[in-house]
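Here are the chains, one letter per residue:
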Amino acid sequence: MREHQFSATLPEQWGEGIVSYEEGTALDLEVRVESVHEGILVSGTVEAEYKGVCGRCLKDIAQPVEVEFQELFAYPGEEETDFEVQDDHVDLETLVREAAVLALPFQPVCQPDCPGLDPNTGERLTESTRVEDDAPIDPRWSALRQIADQGSAAESRGPENTEES
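Below: a short report on this structure. Because the structure is a prediction, the values reported are computed rather than measured.

1. Topic: the nonpolar core
Working step 1: Core analysis: the largest hydrophobic core is formed by 28 residues, its most contacted members being Tyr21, Leu27, Val42, Phe69 and Val96.
Working step 2: The set of elements that each furnish at least two residues to this core consists of β3 (26-36), β4 (39-53), β5 (60-74) and α1 (93-102).
Working step 3: Contact partners of Tyr21, with chain neighbours within four places excluded, come to Leu10, Glu12, Gln13, Trp14, Ala48, Glu49, Tyr50, Val65, Ala100, Val101 and Leu104.

Next up, the structure:
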């Protein structure tokens with residue numbers, strides 16, 4: 001069993017969504033390599049930072065991510081496996097790439113309660129300081145609105161008949 005810690009720089013972009021690991025991103029890896037009967041068991045963690053835009057407000061974001069991985073690199077033989085030992089070496093690139101890209105969020109947000117963009121103006125709601133406009137009321141509900149307005153007007157006048165028993 002051997003343990004290794006090293007850094008690697010991405011030669012190209014990993015990921016195709018609204019967030020990805022950019023070319024030149026540093027990956028910090030901690031890897032444990034163990035010899036087992038079937039082959040070489042590789043386990044470890046990779047730390048990196050993804051960049052992109054918030055899925056709600058389109059603000060630029062950059063977040064760190066830490067991913068654990070584990071895979072058996074089998075010795076060449078009769079059975080086909082996804083990962084094989086080649087000339088007493090294991091190639092970690094595919095394994096690390098799959099683990100890191102699958103850890104990217106599907107709907108990344110700049111903050112958990114990001115309100116997004118205003119559907120009418122397109123402005124970021126987090127930056128808007130203006131007073132909220134009332135939503136337009138469907139004309140089919142206008143009769144209920146009139147009843148509600150009459151009820152609030154009656155309450156503001158106060159009780160008209162205060163009879164005590």
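Now that the structure has been shown, the text picks up again.
2. Quick notes on the pairing of β5
Working step 1: As paired strands, β4 and β5 are joined by 15 bridges and run antiparallel to one another. Residue pairing for β5: Glu47 is matched across the bridge by Glu66.
Working step 2: Remark: six residues form the turn of the hairpin made by β4 and β5, two consecutive strands paired antiparallel; Leu58 in that turn has positive phi of roughly 65°.

3. So, the environment of Ser7
Working step 1: By the element assignment, Ser7 lies in strand β1 (residues 2-9).
Working step 2: Classification of Ser7 as exposed rests on a relative accessible area of 53%.
Working step 3: Sequence-wise, Ser7 and Glu30 are 23 residues apart; in three dimensions their C-alpha atoms are separated by 8.8 Å.
Working step 4: Setting aside its immediate chain neighbours within four residues, Ser7 contacts Leu27 and Asp28.
Working step 5: Within the structure, Ser7 has its side chain in polar contact with the side chain of Asp28 (distance 2.7 Å).

Conventions used here
- Residues numbered from 1 in each chain as written.
- Predicted model: local features only at pLDDT ≥ 70, side-chain atom pairs only at ≥ 80, totals over all residues.
- Heavy atoms only, no water.
- Core = buried A, V, L, I, M, F, W, Y, C linked by side-chain atoms within 4.5 Å.
- Buried < 20%, exposed > 50% of the residue type's maximum accessible area, 1.4 Å probe, protein only.
- Helix = DSSP H or I, 4+ residues; strand = E, 2+ residues; numbered from the N terminus.
- Contact = heavy atoms within 4.5 Å.
- Pairing = 2+ DSSP bridges.
- Polar contact = N/O pair within 3.5 Å; in protein donor to acceptor, adjacent residues only side chain to side chain.

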